[in-house]
Amino acid sequence: MFVLLTMVWMGVHRAAAQPTQPTLAEIADRMRGVNPTLRTFIVDQVVDARVLAIFRWRLNTTMYASRPASYKVIIHNPPPLLGRFADVVADVSSPEQVLANYRGAAIRPAPNNRLVLDLVGVSPSVNPPALTAIVDGAHWVAEDLLLKYAWGDVHVVYHYELIEGFLLPATARVDVPRFTFGADVAFVNYRLNVPIPPGTFDDTR
């Protein structure tokens, strides 16, 4: 009986010692804690875009970012077909804004210390209305986003590198299967903690 009780107690103790699943609020706090001294950045992007594996463009864009959640992507001389691409990039570039606009429908563990977050919008005005994010639980960055728009999905995969001591996106791959659209994005020439030109984040759409 003593052995049995000891085994039961050990089993309960071990179960209690298992790490608890973080809440969405805790995940958001940890993600906001990445690069705590980085307040602004400007970065150029080289975008190799393709449609139907036939039409190809190389675009040059500039991203402006300022904490807590101001992002703007400007495409320099975009082809008409890709005129809305900047809006998609801007939508997926701000983890702070994503976490402000969504609530967790499900959070589940994945291999290699990853967390899978199924999120739904907190109001009908949130667009896209739902998304799935894969978060690196060691570095607290979003590596993989599946944005679920009414017109189709946008899949974005980020690769991060240390740049001047900050963990920042180095490349991204964007796919829009419904429109057979894809793009490879390289982030180049980061300018960190620099002034953002006045009016950059004004909504001109």
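Before going into details, it helps to say that this report is about the structure given with it. (Residues numbered from 1 in each chain as written. Predicted model: local features only at pLDDT ≥ 70, side-chain atom pairs only at ≥ 80, totals over all residues. Heavy atoms only, no water.)

## Some thoughts on the overall build of the chain
Then, number 1: A count of helices and strands for the chain gives four helices and 10 strands.
Then, number 2: Within the chain, buried positions represent 41% of all 205 residues.
Then, number 3: Residue pairs at least 24 apart in sequence account for 46% of intrachain contacts in the chain once pairs closer than 6 positions are excluded.
Then, number 4: Entry remark: accessible area of the chain is about 11,800 Å², with carbon and sulfur atoms responsible for 60%. (Helix = DSSP H or I, 4+ residues; strand = E, 2+ residues; numbered from the N terminus. Buried < 20%, exposed > 50% of the residue type's maximum accessible area, 1.4 Å probe, protein only. Contact = heavy atoms within 4.5 Å. Areas by Shrake-Rupley, 256 points an atom, 1.4 Å probe, with all protein chains shown as cover.)

## Quick word on the nonpolar core
Then, number 1: Residues F41, L117, L168, F187 and Y190 are the most contacted members of the largest nonpolar core, which totals 47 residues.
Then, number 2: Excluding residues within four positions of it along the chain, L168 makes contact with N35, L38, F41, H159, Y160, E161, I163, Y190 and L192. (Core = buried A, V, L, I, M, F, W, Y, C linked by side-chain atoms within 4.5 Å.)

## Considering the pairing of strand 3 (residues 70-76)
Then, number 1: Taken together, the seven bridges between strand 2 (residues 55-66) and strand 3 define a ladder with antiparallel strand orientation. Opposite T61, over in strand 3, you have I75 as the bridge partner. (Pairing = 2+ DSSP bridges.)

## Notes on the sheet that holds strand 6 (residues 130-136)
Then, number 1: Pairing is antiparallel across the open sheet formed by 10 strands, whose spatial order is 3-2-1-10-9-8-7-6-5-4. Among the strands making up the open sheet, the edge pair consists of strand 3 and strand 4 (102-110). For this sheet, the mean angle separating the axes of adjacent strands, direction not counted, is 20°.
Then, number 2: Summarising the sheet, strand 7 (residues 141-149) and strand 8 (residues 152-163) pair through six bridges and their orientation is antiparallel. Along strand 8, the bridge assignment pairs L145 with V156. (Axes fitted to C-alpha atoms, helices over the stretch in contact; angles between N-to-C directions.)

This is a description of form; function is not addressed.
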